[in-house]
2 protein chains.
Amino acid sequence: MSWLLTEEHLEDLARGAAVLGTGGGGDPYVGRLLVRQAIREHGPVTILDPDEVEDDALVIPTAQMGAPTVVFEKLPSGSEPETALAALEKHLGAKATATMPIECGGINSMIPLVVGARTGLPVVDADGMGRAFPELQMETFGVYGVPGSPMAVAGEGGEVTVIDTGSDNRRMEWIARGVTIRLGGVAHIAEYSMSGADVKRTAIPRTLTLALKVGRAIREGRSSDPIARLEEALSETLYSNLRVLFRGKISDVERRTEAGFARGRAAAVSFDGEHELGIEFQNENLVAVVDGEVRCVVPDLICVLDSESAEPITTETLRYGQRVTVVGISTPDIMRTSEALATFGPAAFGLPHEFRPVEA
Amino acid sequence: MSWLLTEEHLEDLARGAAVLGTGGGGDPYVGRLLVRQAIREHGPVTILDPDEVEDDALVIPTAQMGAPTVVFEKLPSGSEPETALAALEKHLGAKATATMPIECGGINSMIPLVVGARTGLPVVDADGMGRAFPELQMETFGVYGVPGSPMAVAGEGGEVTVIDTGSDNRRMEWIARGVTIRLGGVAHIAEYSMSGADVKRTAIPRTLTLALKVGRAIREGRSSDPIARLEEALSETLYSNLRVLFRGKISDVERRTEAGFARGRAAAVSFDGEHELGIEFQNENLVAVVDGEVRCVVPDLICVLDSESAEPITTETLRYGQRVTVVGISTPDIMRTSEALATFGPAAFGLPHEFRPVEA
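Residues numbered from 1 in each chain as written. Chains lettered and ligands numbered in written order. Predicted model: local features only at pLDDT ≥ 70, side-chain atom pairs only at ≥ 80, totals over all residues. Heavy atoms only, no water.

Enquirer: Which residues make up the relation of the copies chain A and chain B, and what are the values?
Expert: Least-squares fitting of chain A to chain B yields an RMSD of 0.0 Å, with the superposition described by an axial translation of 0.0 Å and a rotation of 180°. Here the two chains are linked by the operation of a two-fold rotation axis. When each C-alpha of chain A is compared by its distance to the rotation axis, V162 of chain A comes out closest, at 2.5 Å. The fraction of interface residues of chain A whose copies in chain B are also interface residues reaches 100%, indicating that both copies meet through the same surface. (Least-squares fit on C-alpha atoms with pLDDT ≥ 70 in both. Contact = heavy atoms within 4.5 Å.)

This is how it looks when you write it as structure tokens:
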């Protein structure tokens, strides 16, 4: 059931990853260019279904870390995630048999593919967020007992830092964020090394194929109704509920790069001028409030789409005047347990709201 | 020529280290307590003359890193530098045969002694600053070709970070400072691992015995003239010139903890009210200006001493109204070469002054 990912997949994949990135995850266009170049130079990437991964395999996820506002302006060369992977392999004294995304969303759906193309390692079709989240401890891997440590952080100058905070993934995030800030606001990482058995137990399965499906549905739906087509495509997946939360025009965006994150809020007004939407974000969209009522909140997905093409709009490209359709998408059950909500539910972001499924 | 350092040495050593710390290096009283406890629990520490170190020995210096203003309030447990040492040994795949100070001054004359007492490792009587400096690249080790990387940073919770910036010691400092800030402003480190041959080639020799001699001279001189006694003791060493720069009363202190450092300035007025002294510091005293004229500048030592007892006063304990004698002390030739001045001369601190030996 393994398959080869080629250049032809990248447009749909980037679009789908941007939807699942729920506003964050880094610019998908940059990631797409990096993968395209790597595939042109080194050939296609083998994608492994999680069921195919041997229980005793050593899977080392790779990713980019940083504020999307910075990533947008500071392009990687493409070799940095390999440098992080090699540093972690050296520290562990063992070679990875596969890499994997830590999140599905934006550039971090792409970085492991760059590593896969350049090193020949297969990429597991799964991840630890089932969307994008801003912080490294916000992983189902960690929720279900896989430590993020030791992790490696690589800078563009070849600087390497290995961080070990034992089982404390929040502390790991805190130190790694400090290193990333010192590296200029963006870095590449390898972390949450785990066995194939742990992949099957803790990862959200098949989110690369999910992103492909989402990107394809939007493209194919453009001749008629892309949102309806997206809803239909999602109905067959673990993300089975889509709700249109709002249609209108962006009326205000406040964005700042703070402590290594892009934080802020956006507002929109309905086309008839009668309704208001407010969104708060920390790299990713966290909560959508319509006319004073919470309509969708983390970990469910809040996706801002162009109202004509349904092209996803990331938080760093939100602009006054954009005409948007905002949709909420339900997350898989593994992301809604009490342990999961303790790590990446509303309270983990300091939000006062209770989690309530978007379909409820 | 190796000898045993015992509890009886600590009072003189702490005082001498505070003088050579030239206002910084961390609080010597805290360091003295840590060594005392370690010696009481584990026995005395073997001090090795640098000439005794085998050329193929693996010497790994250990130290504390952070702003003295924080160190003063956040006491280490004593095991942190060992944790850093062990992490670096593991990374290198080799065991240290000795440890060594990276600077002679304040707490960092003491930390390697804590490690020596607790682990049984001998401590080499030498260091890489010949005084205290605020930044990790300011080492004769680095000036003469020994890289600081890889280095290990340990936090109080057992968190460990290993940083490798190749031969770029300034970049290592930058990242390690970021990690230290995230660890609360103080951390413990192991870095500049080197051979015994490199110790002999790049270190300032016999600075532990120098600190002991300085501390003893001040104590013994208290019945008559401690400054004169100090000058006499120094005349037989590589630090052979002492000049009294100023006598007066501290009239103003401005101090802030900024970007992980204690920065600021102090002013004093002579007892007759006719003359003014200004000192700028970054953890350590950098320049002393009397009546508008530079009288002493890095890397030469500027030491603020109590005018009665000649007890050294660190930058974080400077207070309005203290009666002080400020002395300048010349540094060894190895610290005044053009390579050395490029790394820790006035320009390295952004000061506009040319280096001029205090004895000139």
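After that view of the structure, there is still more to cover.
Enquirer: Run through the nonpolar core, naming residues and quoting values.
Expert: Core analysis: the largest hydrophobic core is formed by 56 residues, its most contacted members being V153 of chain A together with V153 of chain B. Those elements that provide at least two residues to this core are strand 4 (62–66), strand 7 (151–154), helix 7 (169–182) and strand 9 (186–190) of chain A together with strand 4 (62–66), strand 7 (151–154), helix 7 (169–182) and strand 9 (186–190) of chain B. Excluding residues that lie within four positions of it along the chain, V153 of chain A makes contacts with E159, V160, T161, I163, A176, V179, T180, L183, A187, H188 and I189 of chain A. (Core = buried A, V, L, I, M, F, W, Y, C linked by side-chain atoms within 4.5 Å. Buried < 20%, exposed > 50% of the residue type's maximum accessible area, 1.4 Å probe, protein only. Helix = DSSP H or I, 4+ residues; strand = E, 2+ residues; numbered from the N terminus.)

Enquirer: Explain the packing of helix 4 (residues 80–92) of chain A against helix 5 (residues 107–119) of chain A to me, and be specific about the residues and the numbers.
Expert: Residue and element names in this part refer to chain A. Running from N to C, helix 4 and helix 5 point in directions that differ by 75°, and their axes come no closer than 9 Å. Here helix 4 is positioned roughly perpendicular relative to helix 5, judged by the angle of their axes. Together, P81, E82 and L85 of helix 4 and I111, V115, R118 and T119 of helix 5 make up the contact between the two elements. Partitioning the contact of helix 4 with helix 5 into residue classes produces four nonpolar, one polar and two charged. (Axes fitted to C-alpha atoms, helices over the stretch in contact; angles between N-to-C directions. Parallel < 35°, antiparallel > 145°, perpendicular 65-115°, else oblique. Nonpolar A, V, L, I, M, F, W, Y, C, P; charged D, E, K, R; others polar.)

Enquirer: Mind laying out helix 10 (residues 226–234) of chain A, listing which residues take part and the relevant values?
Expert: Residues and elements named next belong to chain A. Listed as buried for helix 10 are P226, I227, L230, A233 and L234. The arc that holds every buried residue of helix 10, seen down its axis, measures 120°, which confines them to one face. Each element contacted by the buried residues of helix 10 is listed here: helix 9 (207–221), strand 12 (242–258), strand 17 (301–306) and strand 18 (323–329). If you check the start of helix 10, you find a side-chain oxygen 3.1 Å away from the backbone N of I227, and it comes from D225. (Arc of directions from axis to C-beta. Polar contact = N/O pair within 3.5 Å; in protein donor to acceptor, adjacent residues only side chain to side chain.)

Enquirer: Can you break down the pairing of strand 4 of chain A residue by residue, with the values?
Expert: All names here are of chain A. Of all five residues that make up strand 4, five are buried, and the element is covered over most of its length. Burial along strand 4 is two-sided: T62, Q64 and G66 and A63 and M65, pointing in opposite directions, are all buried. As paired strands, strand 4 and strand 9 are joined by five bridges and run antiparallel to one another. Among the inter-strand pairings, Q64 is bridged to a residue of strand 9, identified as H188. (Pairing = 2+ DSSP bridges.)

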